[in-house]
Structures are given as C-alpha cells and as structure tokens.
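# Residue-level structure breakdown
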Amino acid sequence: MAWALKLPLADEVIESGLVQDFDASLSGIGQELGAGAYSMSDVLALPIFKQEESSLPPDNENKILPFQYVLCAATSPAVKLHDETLTYLNQGQSYEIRMLDNRKLGELPEINGKLVKSIFRVVFHDRRLQYTEHQQLEGWRWNRPGDRILDIDIPMSVGIIDPRANPNQLNTVEFLWDPAKRTSVFIQVHCISTEFTMRKHGGEKGVPFRVQIDTFKENENGEYTEHLHSASCQIKVFKPKGADRKQKTDREKMEKRTPHEKEKYQPSYETTILTECSPWPEITYVNNSPSPGFNSSHNNFSLGEGNGSPNHQPEPPPPVTDNLLPTTTPQEAQQWLHRNRFSTFTRLFTNFSGADLLKLTRDDVIQICGPADGIRLFNALKGRMVRPRLTIYVCQESLQLREQQQQQQQQQQKHEDGDSNGTFFVYHAIYLEELTAVELTEKIAQLFSISPCQISQIYKQGPTGIHVLISDEMIQNFQEEACFILDTMKETNDSYHIILK
C-alpha cells in the first residue's frame with residue numbers, strides 16, 4: 001500500500017521528515033495486530049491529522065485553514081498519541097515562527113494586496129492560572145522590573161512591519177505582515193516555567209505555557225479588528241540550554257521503552273505546527289477614576305484646594321522622554337535600544353549597561369554607528385529634548401480669587417509684623433508644537449482628565465470682556481510663556497465652553 005501525505009507547507013524538509021516519522025509509526029502494526037485487525041481510524045488519530053483541544057464546531061475539522069504557523073523547534077517524544085504536542089524552549093533564545101499563507105484560490109480576496117495584523121501572546125496553559133493571569137503577571141513584573149515576558153528579535157525577523165510591544169502588556173507583541181510575501185518572526189520568551197509554580201519540598205515542575213497567534217484584517221475604518229484566524233501550541237520554557245537537556249532526557253527515556261510501549265507515544269517532529277483555536281479574549285481594564293465635576297453654570301475643574309496646591313492631581317500623561325540611566329542593566333539597555341529605534345545595533349551593545357553607553361563620547365558613537373545614526377544615538381543618550389514651539393501657563397479662576405482674598409486679609413498683618421510669607425498661584429504648563437486650536441483643546445482636556453469631545457469651544461476674553469473664539473492664527477500670535485486663568489461654562493450633555501482670561 002502506498003501512502004501520500006500532503007501538507008500545506010512549503011518546506012520540503014519538514015514534509016519529508018514528517019513522512020518518515022509517519023512511516024515509522026506504522027511499522028509493526030500488521031505483525032502485532034494481524035492484517036484483519038488494522039484500523040484506519042488508529043492512523044487518523046495521530047496528532048498530525050487531528051485538531052487538539054479545538055473549540056471549533058465539528059464541521060470545521062476538515063476545512064483548510066487560511067493561515068498556518070510553524071514554530072521551528074522540535075516536539076517532545078514523551079507525549080502520548082492523543083495528547084497535544086509539547087515543545088521545549090530555552091529562555092531568551094530566538095525561535096523562528098513561519099507565517100504561511102494557506103488560502104485556496106479565490107479565498108479571502110479582500111486581503112489580497114493588503115496587510116494583516118498578528119498578535120502574539122505567551123499565556124498560561126492551565127485554566128487555574130488563566131483565571132489569575134493578571135495577578136501572576138503583576139507579580140512577575142514586581143520580581144523582574146524592566147523585563148518583558150515576550151519580545152521580537154527584530155534584526156532576525158523577515159517581512160514584519162511596524163512591530164510593537166505595549167509596555168503595559170509584558171506577554172504580548174504585534175506587527176503587520178503581507179501574506180503574499182515571505183514572513184518569519186523570531187520570538188524570545190524571557191520567563192521560565194518554574195517561576196509560576198508553588199514552591200514544594202523536594203523540587204518542582206514547571207507550568208506549561210501557550211504561544212497563541214491571533215490574526216486580524218482591516219475593517220472599513222482602517223482598524224485591524226476583524227478576526228481571521230487563531231492558532232496555538234503548548235510550550236515549556238527552561239533556563240538556557242535546559243530545553244536541550246530535557247529533550248535529550250525524554251529521548252533517552254523513550255529509547256529504553258519496549259516497542260509496544262513506544263507505540264503509545266507520538267514521534268518527535270522537527271517542527272511544531274500550531275493548531276487552530278478560539279481567539280484570545282480581549283480584557284479591558286476600566287479606569288474608575290471620576291471625571292471632573294461641574295456644579296453650576298460657571299464652574300471650575302476640581303484641581304486644588306487651599307493655597308492652590310492640588311489635593312487630587314489628574315493622572316499625568318505617559319512621559320515623552322525615555323532617558324537611559326547609569327543604573328540600567330544590560331538587558332534593560334537592550335530594550336531601551338529597541339524602543340528608541342536602534343534595534344540594528346543591539347548586537348553591538350549586547351553587554352553594555354546604561355553606564356557603559358553613557359560613557360561613550362560623540363566621536364565613539366559616530367565611529368560605531370555611522371554619522372546619521374551615531375548623532376541620533378548620542379542625542380538620545382544625553383536625553384536632549386527639542387524645545388516646544390510655544391509654552392503657556394493656565395490656572396483656575398476660583399484659585400485666583402481665593403488667593404486674592406487671602407492676600408487682602410493678610411495684607412494688614414504683613415505690614416504690622418513684617419511677615420514676608422505671601423501666597424502663590426499654581427499654574428499648569430501646556431506645551432504646544434502644532435500651534436492649532438485642536439492641539440490646545442486636546443492638551444487642556446488631557447490636563448483635566450476629560451475627553452476633548454466634551455470641550456465645545458475655547459474663547460479668549462478680549463477688550464470690554466468680549467469672548468473671542470480661539471483660532472489657529474490667534475494661538476500662533478500668543479506670547480511665549482503667556483499666563484491665562486481658566487473659566488468654564490457648562491452646556492447640555494456634559495459639554496463645556498472654556499474661557500481664557
């Protein structure tokens with residue numbers, strides 16, 4: 001009987017290896033069971049023909065998937081036939097995942113010539129840990145400050161566009177790619193499986209993780225939210241070279257088993273094919289901080305009490321600076337280079353700490369990186385900021401009036417006893433780059449933690465108390481470091497007018 005195994009993979013080496021493993025798994029079946037006892041269902045139960053733990057409906061089991069992802073790492077030989085494959089990875093080592101377009105002719109024509117977005121995650125395999133994932137990751141962040149669980153090795157990757165890693169999501173990375181072009185992404189997992197196990201006397205076993213890939217296409221608004229395909233595989237992560245030792249140990253254990261026992265286990269494949277699964281649920285953390293309140297037709301944002309010192313400061317926006325510190329470790333310095341678009345030079349500065357990089361002179365950096373990137377890296381190391389085109393200062397009217405009243409009440413005492421302690425006003429700086437009314441609206445809304453949509457208009461109080469509508473040209477003629485007092489007028493539907501006095 002001749003068997004033909006057709007896989008939707010472009011790599012002939014992978015295909016030939018799987019054919020050999022499949023032929024080996026059939027050897028001896030006729031001798032032990034007899035020719036009449038041979039069942040095709042036993043062969044089809046092999047993991048290569050079966051979707052493991054799939055939550056998809058039964059009618060989708062035989063459909064050809066639009067995409068296929070292949071992790072270039074060998075599966076463990078100590079996995080039973082009907083169990084999901086398990087792959088061992090070394091901590092921090094780069095592993096290739098091939099992104100393959102598996103569509104049939106005419107399938108999903110809407111993505112032809114367009115990019116799709118894939119989100120990579122390293123998540124827990126055990127449901128018990130999935131329920132406490134947020135707490136587990138926060139604990140890991142506390143023990144490993146500045147580190148990430150999942151990273152992309154950008155210099156080694158091929159075909160990925162706009163790779164991103166959210167600083168608040170340590171286990172997630174994303175990028176765009178073109179299905180019509182060759183795409184391979186190299187990932188690095190920096191956590192190990194034993195970091196999430198309960199400490200037990202006499203040793204412990206590491207928990208399994210899952211590498212999950214969710215792929216999306218653009219919707220009508222240009223957002224990548226329409227789900228196309230999801231797949232995942234089970235992994236365990238060991239300290240450097242630990243995965244190689246574990247693979248060798250499993251292989252030696254299997255060699256000691258009898259031929260009958262070996263038939264209960266699946267062979268070790270040279271690569272790991274991710275199996276289709278349900279998309280990973282998006283979890284949104286809601287900010288429960290109250291928005292500023294307005295109590296009358298003329299109200300003020302609740303920024304401060306007393307002498308103008310804020311008793312409830314709005315959450316500041318994320319810093320625009322990312323300065324390198326002398327205390328930065330070499331691993332943190334590598335991440336800083338990635339964040340600041342110096343990924344090309346990460347290998348050159350592999351063992352450089354923050355102090356090492358900061359000691360480099362301008363000539364050193366230019367000699368290492370070339371004139372263009374060298375000057376850019378030198379400026380980034382020194383934390384040189386570009387001055388804003390315009391800086392203005394704003395203060396609340398209620399604070400201004402309160403300070404004036406306090407100053408009048410204390411004026412007599414100051415003259416009598418010579419006390420020079422006076423009150424002061426607290427202003428907030430607003431930095432403008434584009435010098436537009438839209439930018440000013442966004443900066444004021446950001447300052448008071450409200451949505452820009454809640455600000456209907458911004459006026460400037462002119463001569464005789466008239467209200468002049470703020471325009472781009474008016475902002476361009478503001479004096480540098482001009483000071484304004486803010487007054488607010490409430491409209492319906494939680495929208496407001498703001499007056500600069």
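Heads up: these notes are all about the structure in this document. (Residues numbered from 1 in each chain as written. Predicted model: local features only at pLDDT ≥ 70, side-chain atom pairs only at ≥ 80, totals over all residues. Heavy atoms only, no water.)

## What to know about the sheet that holds strand β1 (residues 67-71)
Ordered in space as β5-β8-β3-β1-β11, the five strands form an open sheet in which the pairing is antiparallel. Strands at the two margins of the open sheet, each flanked by one partner only, are β5 (150-152) and β11 (272-273). One ladder, built from three bridges, connects β5 with strand β8 (residues 183-189); its direction is antiparallel. Across the sheet, the residue bridging to D151 is Q188, located in β8. (Pairing = 2+ DSSP bridges. Helix = DSSP H or I, 4+ residues; strand = E, 2+ residues; numbered from the N terminus.)

## A few points about the packing of aromatic side chains
For the coordinates displayed, the defined rule picks out nine aromatic pairs. Between F67 and W177, the ring centres sit 5.5 Å apart and the planes meet at 65°, which makes this aromatic pair edge-to-face. Note that F67 is positioned in strand β1 and W177 in strand β7 (residues 172-177), a separation of 110 residues in sequence. The class for W177 is buried, based on a relative accessible area of 0%. Centre to centre, the rings of W336 and F342 are 6.3 Å apart; their planes meet at 20°, and the pair counts as stacked. Of the aromatic side chains, those joined through ring pairs into one cluster are F124, F196 and F209. (Phe/Tyr/Trp six-rings, centres within 6.5 Å; stacked < 30°, edge-to-face > 60°. Buried < 20%, exposed > 50% of the residue type's maximum accessible area, 1.4 Å probe, protein only.)

## Side note on the nonpolar core
Counting 41 residues, the largest nonpolar core has L71, I97, M99, F120, V185 and F209 as its most contacted members. With five residues, the top contributor of residues to this core is strand β10 (residues 224-238). Sequence-distant contacts of L71, defined by excluding residues within four places in its chain, comprise T87, L89, Y95, E96, I97, C233, I235, T271, T272 and L274. Within the second largest apolar cluster, 23 residues are counted, among which are I430, I455, L486 and L500. (Core = buried A, V, L, I, M, F, W, Y, C linked by side-chain atoms within 4.5 Å. Contact = heavy atoms within 4.5 Å.)

## Quick notes on the pairing of strand β2 (residues 86-90)
For β2, the buried fraction is high: five of the five residues fall into the buried class. Of the two faces of β2, the one carrying L86, Y88 and N90 and the one carrying T87 and L89 are both buried. Bridge count for β2 against β10 is five bridges, and the pairing is parallel. Along β10, the bridge assignment pairs T87 with I235.

## Comments concerning the layout of surface pockets
For the largest pocket, the calculated volume is near 1200 Å³. Taken together, 36 residues form the lining of the largest pocket, with R148, D151, Q334, Q335 and H338 sitting closest to its centre. At the level of secondary structure, the elements contributing two or more residues to the lining of the largest pocket comprise β5, β6 (160-164) and α8 (330-339). Of all the elements, α8 adds the most residues to the lining of the largest pocket, at eight residues. For the lining of the largest pocket, the residue count by class is twelve nonpolar, 13 polar and eleven charged. Shared between two domains, the lining of the largest pocket holds at least three residues of each, these being domain 1 (65-274) and domain 2 (328-380). (1 Å grid on protein atoms, 1.4 Å probe; cavity = no way out; pocket = protein on both sides within 12 Å on 5 of 7 lines; lining within 4 Å. Points joined across faces, edges and corners; volume = space filled by probe spheres on them. Nonpolar A, V, L, I, M, F, W, Y, C, P; charged D, E, K, R; others polar. Domains from an automatic or database assignment.)

## Notes on a positive patch on the surface
A cluster of basic side chains, namely K80, K205, K253, K256, R257 and K264, defines a positive patch on the protein surface. Mapped onto the elements, K205 comes out in the loop between β8 and β9 (209-218). Judged by its relative accessible area of 74%, K205 is exposed. (Patch = residues over 30% accessible without salt bridge, like charges linked within 9 Å, V, L, I, M, F, W, Y side chains within 5 Å. Areas by Shrake-Rupley, 256 points an atom, 1.4 Å probe, with all protein chains shown as cover. Salt bridge = Lys/Arg side-chain N within 4 Å of Asp/Glu carboxyl O. Lys, Arg positive; Asp, Glu negative; His and termini not counted. Charge placed at Lys NZ, Arg CZ, Asp CG, Glu CD.)

## As for α8
Every buried residue of α8 is accounted for by A333, Q334, Q335, W336 and L337. The inward-facing, buried residues of α8 abut β5, α9 (354-358) and α11 (371-381). A positive phi of about 65° marks R341, the residue just after α8.

## Brief notes about helix α13 (residues 437-447)
Given 3.6 residues per turn, any residue in an α-helix points the same way as the ones three and four places further on. When we look at burial in α13, the residues that qualify are A437, E439, L440, T441, I444, A445 and L447. The inward-facing, buried residues of α13 abut β14 (390-396), β15 (428-432), β16 (455-461), α14 (472-476) and β19 (496-500). Once α13 finishes, S449 follows within two positions and takes phi at roughly 55°, a positive value.

## Focus on the pairing of β14
Of all seven residues in β14, six are buried, a share of seventy percent or more. As defined by bridge partners, β14 adjoins β15 across five bridges and the pair is classed as antiparallel. What sits directly across from L390, in β15, is L432. Two elements, β14 and strand β18 (residues 482-490), share five bridges in a ladder whose sense is parallel. By the bridge assignment, V394 is partnered in β18 with F484.

## Details of the pattern of salt bridges
Considering all chains together, one arrives at 17 salt bridges under this definition. Among the ionic pairs, E174 bridges to K117, the shortest N-O distance being 3.8 Å. Taken together, the residues E174 in strand β7 and K117 in strand β4 (residues 116-124) connect sequence positions 57 residues apart. Classification of E174 by relative accessible area gives partly exposed; the value is 23%. For K117, a relative accessible area of 16% corresponds to the buried category. The shortest N-O distance in the salt bridge between E138 and R141 comes to 3.5 Å. Here E138 pairs with R141, and both are found in helix α5 (residues 133-143), just three residues apart, close to one helical turn.

As far as function goes, none of this settles anything; it's purely spatial.
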